[in-house]
Amino acid sequence: MPFYNSEEERKHGLQQLQQRQKHLIEFCYTVAQKYLFEGKHEDAVPAALHSLRFRMNVHGLSSVELVPAYLLLAEASLGLGRIVQAEEYLCQAQWTVLKSTECSYATHSLLHRNLGLLYMAKENYEEARYHLANDIYFASCAFGTEDIRTSGGYFHLANIFYGLKKLDRADTLYTKVSEIWNKYLNNHYQVLSQARIQQIDLLGKRFETDTGLDEAQEAEAIRILTSIWNIRESTSDTAPQKTIFVLKTLVMLYHLMMNSSKAQEYAMRALDLAREQQLSDQEQNSIQDLLSLISAEDAHLVT
């Protein structure tokens with residue numbers, strides 16, 4: 001332990017230590033989330049465990065602040081096929097929530113989402129639907145019904161309906177998720193559109209990302225939108241507009257992430273599909289405009 005000359009110095013030192021630990025909590029949590037969204041469940045475990053340990057140091061052994069870390073470990077366990085271990089983590093999370101008098105809507109949402117995923121893994125779809133409905137309810141209370149943080153509940157519920165061959169219900173929910181992400185990305189782009197080319201830091205370089213999302217949220221967006229696109233591809237002959245809508249949303253995402261090669265790839269897929277299905281000139285021109293925009297901004301950056 002460091003030596004302090006006064007009580008004031010000691011308190012200041014402890015405050016600095018807690019601030020560092022809180023930073024590490026968020027850092028480890030985001031890293032673990034990112035790995036989970038990328039399907040790297042084994043890699044997520046150490047980061048989630050570190051997040052849990054730091055939370056225990058800062059908040060104590062029975063704080064509701066431990067719940068997000070338990071949920072990360074539960075989701076990683078599910079991804080690794082360790083259902084019993086996942087249940088243990090979820091039981092610990094549930095017990096902690098039940099004992100708490102100050103549990104946020106966001107935490108309730110995450111708990112129900114993970115319980116939904118557990119019952120999906122156990123093929124108990126009725127129970128899974130119950131928990132995902134609660135996830136959507138609590139996320140809506142915390143963030144609103146049209147927020148990207150609520151969209152994950154809709155997405156998992158759509159996956160259940162899709163697996164049960166209830167395609168109309170699944171289609172409605174996949175459309176809702178696509179629209180939520182499209183609206184978020186489009187709105188964010190509009191805010192940046194006037195200033196983006198001039199956006200530089202003190203070193204004269206562009207910032208690394210313009211999405212307004214952290215790494216975990218970007219990974220979640222890629223996972224969700226790519227999954228929906230893969231499903232839409234199977235019906236692109238009968239509903240090409242829905243496939244193109246998801247592709248254009250992916251274009252916007254990768255464009256804001258400054259991954260121009262991926263943005264151009266999905267834009268070309270959308271344009272090829274529009275031509276193949278002989279969609280209107282207006283639709284083809286809108287995609288072409290998107291391609292031109294990406295090329296123009298890339299050319300500006302090179303020069």
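Residues numbered from 1 in each chain as written. Predicted model: local features only at pLDDT ≥ 70, side-chain atom pairs only at ≥ 80, totals over all residues. Heavy atoms only, no water.

Details of helix H3 (residues 67–79)
Selection rule: Secondary structure elements are defined from DSSP: runs of H or I of at least 4 residues count as helices, runs of E of at least 2 residues count as strands, and each element is numbered from the N terminus. A helix is expected to span 1.5 Å multiplied by its residue count minus one. Buried, partly exposed and exposed residues are distinguished by accessible area as a fraction of the type maximum, computed with a 1.4 Å probe on protein chains only: under 20%, between the cut-offs, and over 50%, respectively.
For H3, spanning 13 residues, the distance from its first C-alpha to its last is 18 Å, which sits close to the expected 18 Å at 1.5 Å a residue. Extensive coverage of H3 is indicated by the burial of 12 of its 13 residues. Listed in full, the buried residues belonging to H3 are Val67, Pro68, Ala69, Tyr70, Leu71, Leu72, Leu73, Ala74, Glu75, Ala76, Ser77 and Leu78. Gly81 sits one or two residues past H3 and shows a positive phi near 80 degrees.

Regarding the packing of helix H2 (residues 41–59) against H3
Under the convention used in this document: All axes are obtained by fitting lines to C-alpha atoms, using only the stretch in contact for helices, and the reported angles, taken between N-to-C directions, cover 0 to 180 degrees. Oblique is the label for every angle not falling under 35 degrees (roughly parallel), over 145 degrees (roughly antiparallel), or within 65 to 115 degrees (roughly perpendicular). Crossing handedness is read from the near helix: turned anticlockwise from the far helix by less than a right angle, it gives a left-handed crossing, and turned clockwise, a right-handed one. We call two residues in contact when some of their heavy atoms are within 4.5 Å. Under this grouping Gly is polar, as are all residues other than the nonpolar Ala, Val, Leu, Ile, Met, Phe, Trp, Tyr, Cys and Pro and the charged Asp, Glu, Lys and Arg.
Two elements in contact, H2 and H3, have axes whose closest approach is 9 Å; the angle formed by their N-to-C orientations is 160 degrees. Relative to H3, the element H2 is oriented roughly antiparallel. The element H2 and its partner H3 pack so that their crossing is left-handed. Residues His41, Val45, Ala48, Leu49, Ser51, Leu52, Arg55 and Met56 of H2 form the contact with H3, whose participating residues are Pro68, Ala69, Tyr70, Leu72, Leu73, Glu75, Ala76 and Gly79. Looking at the contact of H2 with H3 residue by residue, the class counts come to 11 nonpolar, three polar and two charged.

Some words on the side chain of Thr249
Put simply, the rule is: Pairing of N or O atoms within 3.5 Å defines a polar contact, subject to two protein rules: one partner must be a possible hydrogen donor and the other a possible acceptor, and residues neighboring in sequence count only if both atoms are side-chain atoms.
With respect to the element layout, Thr249 can be found in helix H10 (residues 240–256). Relative accessible area serves as the criterion here: at 0%, Thr249 is assigned to the buried category. Within the local environment of Thr249, its side chain forms a polar contact with the side chain of Asn182, the two groups lying 3.0 Å apart. Excluding anything up to four places from it in sequence, Thr249 contacts Ser178, Trp181, Asn182, Leu185 and Leu225.

Quick notes on the packing of aromatic side chains
Short version of the rule: Centres within 6.5 Å are what make two rings of Phe, Tyr or Trp a pair, Trp counting through its six-membered ring; a difference in plane orientation under 30 degrees is then read as stacked, over 60 as edge-to-face, and the rest as tilted. Two conditions define a charge sitting above a ring: the NZ of Lys or the CZ of Arg must be within 6 Å of the ring centre, and it must be within 35 degrees of the ring normal.
Scanning all chains against the criterion turns up seven aromatic pairs. An angle of 90 degrees between the planes, with centres 5.4 Å apart, marks the rings of Trp229 and Tyr266 as edge-to-face. Taken together, the positions of Trp229 in helix H9 (residues 215–233) and Tyr266 in helix H11 (residues 260–276) put the pair 37 residues apart, joining distant regions of the chain. The structure contains a cluster of three or more aromatic residues connected by ring pairs, namely Tyr105, Tyr137 and Phe138. Positioned above the aromatic ring of Tyr154 is the side chain of Lys176, whose terminal nitrogen or guanidinium carbon lies 5.2 Å from the ring centre.

Take it as geometry only, folks, not as evidence of what the structure does.
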